[in-house]
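Single-letter residue listing:
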Amino acid sequence: QVQVVESGGGLVQAGGSLRLSCAASGVILRDYHVGWFRQAPGKEREFVAAISWTGASTEIAEFVQGRFAISRDNGKNTVHLQMNNLKPEDTAVYYCAAKDQYFSRLYSPSEYGYWGQGTQVTVSS
C-alpha cells in the first residue's frame, strides 16, 4: 500500500519560515517527480513547486518565486519545501504528490498518481 505523508506544517507569523517534508512508503519516492500543491478554503488546489526525480530540474509557481524552494534527498527518500517570508495568503493545506514518466504538465493535479493527506499551514498577520 502506497502512503505519501507530509509533515512540518503549523502556525507561523507573517515573515516567518516553515520547512515541509514529504516521505513515502510502499513506493520509492526517488523514482518519481514530486510536486507540492496547496488548497485554501473555498479555492481550487493550486500548484506550488515540483522537482524532477534526479533533482536536476525544478519548477516554482510565480507567486512564490524568491520565497519558496524545493529540494530532495534521495538517500532519505524525502522531498522538502522550504517556505520563507510567509504571508497570510500562503495559509492553506499543503499537499505532496508524486508523478512518474515525464517532468511535464506539472501544474495539473490529475497528472499525479499519489497524494498525501496534506498538512495545514497557517500564517497569522
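Residues numbered from 1 in each chain as written. Predicted model: local features only at pLDDT ≥ 70, side-chain atom pairs only at ≥ 80, totals over all residues. Heavy atoms only, no water.

Colleague: For the pairing of strand E4 (residues 33–39), give the residues involved together with the corresponding values.
Modeller: Burial within E4 is extensive, with six of its seven residues counted as buried. Pairing analysis gives seven bridges linking E4 to strand E9 (residues 92–99), with the strands arranged antiparallel. Its bridge partner being in E9, His-33 is matched across the sheet by Lys-99. Where E4 and strand E5 (residues 46–51) come together, five bridges link them in antiparallel fashion. Counted as the bridge partner of Arg-38 is Glu-46 from E5. In sequence, E4 turns back onto E5 through a hairpin of six residues, with Gly-42 there showing a positive phi of about 80 degrees. (Buried < 20%, exposed > 50% of the residue type's maximum accessible area, 1.4 Å probe, protein only. Helix = DSSP H or I, 4+ residues; strand = E, 2+ residues; numbered from the N terminus. Pairing = 2+ DSSP bridges.)

Colleague: For the nonpolar core, give the residues involved together with the corresponding values.
Modeller: Counting residues in each nonpolar core, the largest one holds 36 residues, and the members touching the most others are Trp-36, Leu-81, Met-83 and Tyr-94. Among the elements of the structure, strand E3 (18–25), E4, E5, strand E7 (68–73), strand E8 (78–83), E9 and strand E11 (119–124) are those that each provide at least two residues to this core. With sequence-adjacent residues up to four places away left out, Leu-81 is seen in contact with Leu-18, Arg-19, Leu-20, Trp-36, Val-48, Ala-49, Phe-68, Ala-69, Ile-70 and Tyr-94. (Core = buried A, V, L, I, M, F, W, Y, C linked by side-chain atoms within 4.5 Å. Contact = heavy atoms within 4.5 Å.)

Colleague: Just give me the short version of the environment of Glu-89, but keep the residues and values in it.
Modeller: Within the element layout of this structure, Glu-89 appears in the loop between E8 and E9. Separated by 12 residues in sequence, Glu-89 and Asn-77 place their C-alpha atoms 30 Å apart.

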